[in-house]
Amino acid sequence: MNMSLPDWSAVKSLEASTLTELFARDADRVAKLSADVAGIHFDWSKTHLTPELIAAFSKIAADMGLVAKRDALFAGEKINVTEGRAVEHTAERGEGSPDSVARAQAYHARMRALIDAIEAEAFGPVRSIIHIGIGGSALGPDLLVDALGRDADRYEVAVVSNVDGVALETALDRFDPATTLIAIASKTFTTTETMLNAESAISWLMQGGVADPYGKLVALTAAPEKAIAFGIDETRVLPFNESVGGRYSLWSSIGFPAALALGWDAFEELLEGAAEMDRHFRLAAFEENVPVLAAFADLYYTQVRGCETRATFAYDERLALLPSYLQQLEMESNGKRVTAKGEPVTYPTAPITWGGVGTDAQHAVFQLLHQGTRLVPLEFIGSIEPGDGLAEEHHRQLLLNMFAQGAALMAGRKNDDLARDYPGDRPSATLLLDTVDPRTLGAILAFYEQRTFVNAVLLGINAFDQFGVELGKEMAKAAGAGGEGFDPSTEDLIARAFK
């Protein structure tokens with residue numbers, strides 16, 4: 001068959017049973033559709049996956065060359081075909097071509113040496129760091145620090161991404177310029193929003209009486225020569241490989257603020273947790289492979305049930321930023337309308353990824369999920385070990401709510417009063433962590449990366465370009481230079497805003 005176009009006919013031809021029927025038919029369903037990897041329990045039993053569906057999807061995976069493409073990913077081949085690049089974020093955690101792994105380890109050693117110097121106060125006393133980036137250069141570090149650093153007392157960290165001056169000013173107001181480092185994270189070191197925020201941060205250092213403001217800067221970039229030209233000393237430039245995409249870059253020097261705030265041992269544990277998931281993805285059979293099974297479920301709901309969104313709810317305050325992180329990872333990777341071979345797609349690609357934090361979300365959006373007219377597959381994420389020192393009843397109620405929501409979505413409840421009728425048969429998956437620590441967080445983020453990759457392969461698209469983010473930015477730049485004409489509505493809005 002044409003390997004750039006998947007054949008969904010076998011999947012679509014299978015009889016659809018309700019979740020209740022599937023459980024009644026197979027007493028071992030939970031065991032068959034659960035797995036434990038890297039301190040995480042994965043349960044897909046409350047999805048509509050069946051052995052027959054898994055077999056049909058496995059056939060599509062074989063037709064689309066998943067094994068060969070997975071091997072090419074880890075071998076450092078140029079699988080980003082539209083940009084002619086390798087995709088080597090896995091090398092950052094030790095799983096990739098030997099040369100790329102060695103280069104990543106050398107860059108990590110350079111980062112650790114700088115962290116050691118900061119800890120030894122070689123640059124004077126440092127108490128805080130403002131990390132300036134956008135997209136993948138900010139979402140990953142922000143998630144890591146928020147999830148793992150709430151009790152850390154090494155350094156205070158503020159992550160700023162928005163070009164809105166309120167965001168940067170709020171961070172600047174927290175800290176003393178005399179004891180603050182500014183990390184500028186930009187793969188190209190040309191990102192408009194990041195560089196504008198960086199210039200304002202430098203002005204803040206100057207106004208705060210810092211004699212050598214450029215001595216307070218650290219660059220995290222794949223373009224070190226541009227950082228040096230900007231005025232940052234070469235010893236404070238932390239490079240990473242050009243083949244590491246922005247939304248996959250927290251494992252590289254982009255993770256610098258997390259490594260500084262959490263300590264190097266924690267950063268290494270994060271990498272090892274991700275590597276453990278990488279090894280599972282490389283070695284496990286499809287029917288036992290958690291990223292592959294997750295992608296099979298994703299594709300069933302988009303291609304067969306016509307689901308346009310997928311929601312993730314973190315029943316753990318420490319993972320509150322995970323839904324936002326996944327939005328970029330999944331929608332920027334797989335929100336495509338053309339195949340990797342340049343052909344228009346004739347089927348849905350990525351669903352809209354969204355979510356929130358339990359139990360807050362139960363009182364906000366779960367009305368639609370239980371009784372609305374749209375089918376939304378859900379994912380619940382929680383931790384067995386609590387993150388607080390309060391009475392055990394807090395965490396017990398948190399997890400009971402998570403488990404009960406999945407059960408209620410599946411079972412429903414019939415009522416002659418249609419306003420009180422719950423149709424049920426609404427799917428959910430559950431990811432239950434032993435604890436929220438660097439290892440499990442690394443593993444879960446790698447799981448989502450590999451799941452996104454499998455989805456892309458089976459859809460026949462390229463997960464690693466992102467041309468869709470460029471057009472609006474280009475037009476904004478042209479408008480700022482006075483060289484862009486717009487439609488009448490946009491021209492009117494510009495005139496009103498800028499008089």
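Our structure is the block above this text.
As a starting point, this report considers the structure included with it. (Residues numbered from 1 in each chain as written. Predicted model: local features only at pLDDT ≥ 70, side-chain atom pairs only at ≥ 80, totals over all residues. Heavy atoms only, no water.)

It is worth spelling out the environment of proline 51 at this point. Secondary-structure assignment places proline 51 in helix α4 (residues 51-63). The spacing of proline 51 and arginine 29 is 22 residues in sequence and 9.9 Å in space, taken between C-alpha atoms. (Helix = DSSP H or I, 4+ residues; strand = E, 2+ residues; numbered from the N terminus.)

This next bit is on the sheet that holds strand β1 (residues 34-37). Spatial ordering of the open sheet is given by β1-β2-β11-β10-β8-β9, a layout of six strands whose pairing is mixed. For this open sheet the edge positions go to β1 and β9 (352-357), each flanked by a neighbour on one side alone. Ignoring which end each strand starts from, the neighbouring axes of this sheet average 15° apart. Two strands pair when backbone bridges link them, and strand β10 (residues 378-383) and strand β11 (residues 428-433) are joined in this way by six bridges, in the parallel orientation. Counted as the bridge partner of glutamate 379 is alanine 429 from β11. (Pairing = 2+ DSSP bridges. Axes fitted to C-alpha atoms, helices over the stretch in contact; angles between N-to-C directions.)

Going through the model one piece at a time under the given rule, you end up with 18 aromatic pairs. Their ring planes at 45° and their centres at 6.3 Å tell us that phenylalanine 74 and phenylalanine 281 sit as a pair that is tilted. Within this pair, whereas phenylalanine 74 is found in helix α5 (residues 66-75), its partner phenylalanine 281 is found in helix α12 (residues 264-283), the two being separated by 207 residues in sequence. Phenylalanine 281 carries the same exposure label as phenylalanine 74, and that label is buried. Relative to tyrosine 301, the ring of tyrosine 300 has its centre 5.0 Å away and its plane inclined at 75°; by these criteria the two rings are edge-to-face. (Phe/Tyr/Trp six-rings, centres within 6.5 Å; stacked < 30°, edge-to-face > 60°. Buried < 20%, exposed > 50% of the residue type's maximum accessible area, 1.4 Å probe, protein only.)

The strand order across the open sheet built from five strands is β4-β3-β5-β6-β7, with neighbouring strands paired in parallel fashion. The open sheet has two edge strands, β4 (156-160) and β7 (237-239), and neither has a second partner. Taken pair by pair, the neighbouring strands of this sheet meet at an average axis angle of 20°, ignoring direction. Relative to β4, strand β3 (residues 128-132) runs parallel, the two sharing five bridges.

Residues that lie three or four places apart on an α-helix share one face, since the helix turns once every 3.6 residues. With 14 residues, helix α13 (residues 290-303) should cover 20 Å at 1.5 Å per step; its first-to-last C-alpha distance of 20 Å lies within 8% of that length. α13 sits mainly inside the fold: 14 of its 14 residues count as buried. (Expected span 1.5 Å × (residues − 1).)

This paragraph deals with the packing of helix α7 (residues 136-148) against helix α14 (residues 322-334). One way to put it is that α7 packs onto α14 with a least axis distance of 10 Å and a crossing angle of 150°. As judged from the angle between their axes, α7 and α14 are roughly antiparallel. The handedness of the crossing between α7 and α14 is left-handed. Between α7 and α14, the residues in contact are Gly136, Leu139, Gly140 and Leu143 and Leu322, Ser324, Tyr325 and Gln328, respectively. A per-class count over the contact of α7 with α14 returns four nonpolar, four polar and no charged. (Parallel < 35°, antiparallel > 145°, perpendicular 65-115°, else oblique. Left-handed = near helix turned anticlockwise from the far one by under 90°. Contact = heavy atoms within 4.5 Å. Nonpolar A, V, L, I, M, F, W, Y, C, P; charged D, E, K, R; others polar.)

Before going further, it helps to examine α12. Here α12 contains 20 residues, and its C-alpha end-to-end distance of 29 Å stays within 8% of the 28 Å for a straight helix at 1.5 Å per residue. Listed as buried for α12 are Trp264, Ala266, Phe267, Leu270, Leu271, Gly273, Ala274, Ala275, Met277, Asp278, His280 and Phe281.

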